[in-house]
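So you can see what is in the structure, the chains are spelled out below.
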2 protein chains.
Amino acid sequence: MQPLILKGNIIFTPAPTTFSVHANSFLVIEKEHIQGIYPQLPEKYRACPYHDYGNNLIIPGFCDMHTHAPQLLQCGLGMDEPLLKWLAKYTFPEEGKFHDLEYARTIYRDFIARLIASGTTSAAIFGTIHLPATNLLCDLLAEKNFTAFVGKVNMDRNAPDFLLEDTQNSVCETEKFIQKWKQNKVITPIITPRFAISCTAPLLQALGELAQKYQLPVQSHLDENEAEIAFVKELFPNCPTYDAVYKRYHLLGDTPTLMAHCIHVDENIIANLKAHHVYPVHCPLSNINLSSGIMPARRFLNAGINLTLGSDIGAGNDLFIPRSIVSAIQLSKIYQFTHPDCAPLSLSETFYLATKGGGKMWGKNGSLESGYLANCLVIKPHSPQVLSPLDHLAQFLYYGTPKDIQAVYLRGKLSDLSPSK
Amino acid sequence: MQPLILKGNIIFTPAPTTFSVHANSFLVIEKEHIQGIYPQLPEKYRACPYHDYGNNLIIPGFCDMHTHAPQLLQCGLGMDEPLLKWLAKYTFPEEGKFHDLEYARTIYRDFIARLIASGTTSAAIFGTIHLPATNLLCDLLAEKNFTAFVGKVNMDRNAPDFLLEDTQNSVCETEKFIQKWKQNKVITPIITPRFAISCTAPLLQALGELAQKYQLPVQSHLDENEAEIAFVKELFPNCPTYDAVYKRYHLLGDTPTLMAHCIHVDENIIANLKAHHVYPVHCPLSNINLSSGIMPARRFLNAGINLTLGSDIGAGNDLFIPRSIVSAIQLSKIYQFTHPDCAPLSLSETFYLATKGGGKMWGKNGSLESGYLANCLVIKPHSPQVLSPLDHLAQFLYYGTPKDIQAVYLRGKLSDLSPSK
């Protein structure tokens, strides 16, 4: 089989503070993986054809580590409302519609098309409580060769009737979901209690057991909002902190764990998350839209924690990860006003969070180093003027739109970017 | 002459807290002005053809009240740098290039094409110190029927040599600029001292006299950054505050005055700005990118001040005003964390700032009320699903891109949106 070879200005972040720039170089892909980067093609590839992308950038695709597929239509709606009103007016009625498989098909197709056209090549995705719709979401993602953790959401309390599951049924459908997908190459099932508030202790217990039994990762929400934290305390009076609830039921680091938000955390909680190798997901657009607060991202980085980035649509208002990259930088600048010891995040650090930082959840993903999954993007210049590759990247991240993405490769396969509508 | 008639879902903000929604209605334009909105066409127009935009929105075009045309290429570059390094490394070398008229033509054409394609239909624009390039900017804007205040920038100290003017020459060229444009229908010359730091007292004095002599508006920067404020204090030891410097030279409210930023202001300064009928320009993207601070926008609104909105590119990273609308809301939510008495800005308030709030500088502009300039946009749905007109608007503002703008009318004339590159 012929290797796939792309030529252009190649940039990635092997480490948070380092952009690695290879101008006018060749990226060689063998099957699904990066073989290497060369200024000149080595002898063995010299006869192979290659795609010459000229002055365009070649960068790793984005890893969106917290996003709600059924909330696509909500992007930007009801952002003047407080959290609980927003959930009741927009989110729950929308998620309720996913018992209808045809409705799910329309939205999930659109979601996946937009996700890919936005340059996201890997994601950790919440579905809904509905098993058929969540299976469909996986089918559609697998069809596109899209690397994803997908969760069937579990909720057996504190939600409207039409979104509540019977505890036993919730566990049983989750196990069916796991069994259907556990051998899949691109889709990994992920245990997804919505959050401690919407799950009884027996449900959390059973979900922790499933995670153990099948050695599966876990995703949920943690320390997003002060009212939420107080409610968790009330529901689980024997757990000293919110994270302790998940820990108690083997849902915090016993297997790889993504926890979205982690805003209201003190040094002890940060130390716990570090000890349990948790991957916190910074969702800056969501956190600011819902007035949740500012995550102390610098403290997580200083502690050497595996910080990642997420769009969190619909509370986040955009699937296009560069919006979250810029928002993360901007929030860190504001955070420094009141916490002068916390330096702002740099462009390379946030680019790293959005690529290799999240990609680590899959092993070698989110970078263009040898052996990594060949998930990558080709970016056109936003201006007709010639910029250095790094300025070109900065302009794309700060000023670009999905329109500037010329090509998306998913595990070495060129994706069709024509709109789904 | 036939009236121009557009049919669609019409939305505008007659007041900051009110969206006026006219679903499936007719917008009648006579020459350059809105004649009226009708659910059914009145008898006299019944035989006229009209453009049926179906489910699309028709909204006022955006008024960008602070933007630097020569900084287009800088969007998103150097945002990790502190202000002074950013100015020295990016802004000044870039502005220096505008002595070359052909360079200016390339950039200004691109700037205007992007401005219009982004849905901005009126703007207050900084040029550079160069008279020929600034005249060219006006020519190119006038060609497009674009309503603008345009300023030849004045600087006679504290800038690199290649951007410094001789004081007398600066005044003389400014007067030539005024005389060339003072009778123009769409372009209004505006007195534009860059800021107090870059202008000597004699230059400010002469500029104040020109503003008086020709009864022209003024634009500049005020209270953006603490180091800047301290430097102004040092340069003008006899003025108790920064705003007092401009006031002393008749550059603060003796004629209509736009002042960008106004971040570090106390109640006395706010009262002064109110008393002098100043239009402060909120530039949220710039303020956050340069870590300048958060403007107390709610305090300005509470004081009944004419607050407006600006992109401030290149410190702001996007010409597309919806990015500034959303950023203004987001910053106001963060501001409330530390100032609980300041409620966040609502979507209607920020939409008002971006349209009628800024438009007031021209009289009747920035709304779709009868008698207003016919500057308006047609917006396609971002999702294939049918939303209410207000949800459609919210989704466009939060999640849209310039691609969602189907048509731009500048003073009743349909604009060509094909890219300039």
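Below or above, wherever it landed, is the structure these notes cover. Bear in mind the structure is a predicted one, so any value in this text is a computation, not a measurement.

Details of helix H5 (residues 201-214) of chain B
Residue and element names in this part refer to chain B.
Okay, so step 1: When the terminal C-alpha atoms of H5 are compared, their 20 Å separation across 14 residues agrees well with the 20 Å that a helix rising 1.5 Å per residue should span.
Okay, so step 2: What H5 keeps buried is the set Leu 203, Leu 204, Ala 206, Leu 207, Gly 208, Leu 210, Ala 211 and Tyr 214.
Okay, so step 3: Each element contacted by the buried residues of H5 is listed here: strand E8 (153-154), helix H4 (167-181), strand E10 (192-193), strand E11 (218-222) and helix H7 (242-248).
Okay, so step 4: Phi for Gln 215, located one or two positions after H5, is positive at around 50°.

Notes on the packing of helix H3 (residues 131-143) of chain A against helix H4 (residues 167-181) of chain A
Residue and element names in this part refer to chain A.
Okay, so step 1: Relative orientation of the contacting elements H3 and H4 amounts to 20°, with a least axis distance of 10 Å. Viewed along their axes, H3 and H4 adopt a mutual orientation that is roughly parallel. The hand of the H3/H4 crossing is right-handed. Only Glu 173, Lys 176, Phe 177, Lys 180 and Trp 181 of H4 make contact with H3, whose side of the interface consists of Leu 131, Thr 134, Asn 135, Cys 138 and Asp 139.
Okay, so step 2: Considering only residue class, the contact of H3 with H4 consists of 4 nonpolar, 2 polar and 4 charged.

Concerning the relation of the copies chain A and chain B
Okay, so step 1: For the match of chain A to chain B, the screw axis carries a shift of 0.0 Å, the RMSD comes to 0.0 Å, and the turn is 180°. On the angle and the small slide along the axis, the relation comes out as a two-fold axis. Among all residues of chain A, the minimum C-alpha distance to the rotation axis is found for Thr 401 of chain A, at 3.6 Å.
Okay, so step 2: Of all interface residues in chain A, 100% are interface residues in chain B too; the two copies therefore contact each other through one and the same surface.

Some thoughts on the sheet that holds strand E14 (residues 308-309) of chain B
All names here are of chain B.
Okay, so step 1: Judged by pairing direction, the sheet is parallel, and its 4 strands sit side by side in the order E11-E12-E13-E14 without closing on themselves. Looking along the sheet, the strands with just one partner apiece sit at the ends: E11 and E14.
Okay, so step 2: Across 2 bridges, the pairing between strand E13 (residues 279-282) and E14 is parallel. Bridge pairing in E14 places His 282 opposite Leu 309.

Thresholds applied
- All residue numbers here refer to positions counted from 1 along the written sequence of the relevant chain.
- Here every chain gets a letter starting at A, and every ligand a number starting at 1, in the order they are written.
- Under the rules for a predicted model, residues below a pLDDT of 70 receive no local features and side-chain atom pairs below 80 are neither given nor counted, while totals for whole chains, interfaces and linings still include all residues.
- Computation of side-chain values: all heavy atoms of the structure, hydrogens and water removed.
- Counting from the N terminus, the helices are the DSSP runs of H or I reaching at least four residues and the strands are the DSSP runs of E reaching at least two.
- What a helix should span is 1.5 Å times the count of its residues minus one.
- Residue burial is assigned from relative accessible area. The probe radius is 1.4 Å, only protein chains are included, and a residue is buried under 20% of its type maximum, exposed over 50%, and partly exposed in between.
- Contact definition: two residues touch when any of their heavy atoms are within 4.5 Å.
- Whenever a helix is involved, its axis is fitted only over the stretch in contact; in every case the axis is a line through C-alpha atoms, and angles between N-to-C directions fall within 0 to 180 degrees.
- Should an angle fall under 35 degrees it is taken as roughly parallel, and over 145 as roughly antiparallel, whereas 65 to 115 is taken as roughly perpendicular and any remaining angle as oblique.
- Left-handed describes a crossing whose near helix is turned anticlockwise from the far helix through less than a right angle; right-handed describes the clockwise counterpart.
- Residue type decides the class: Asp, Glu, Lys and Arg count as charged, Ala, Val, Leu, Ile, Met, Phe, Trp, Tyr, Cys and Pro as nonpolar, and the leftover types, Gly among them, as polar.
- Copies overlap after least-squares fitting; the atoms used are the C-alpha atoms of residues with pLDDT of at least 70 in both.
- Pairing between strands is defined by DSSP: at least two bridges between the two strands are required.

Honestly, that's just the spatial picture; any functional story needs more than this.
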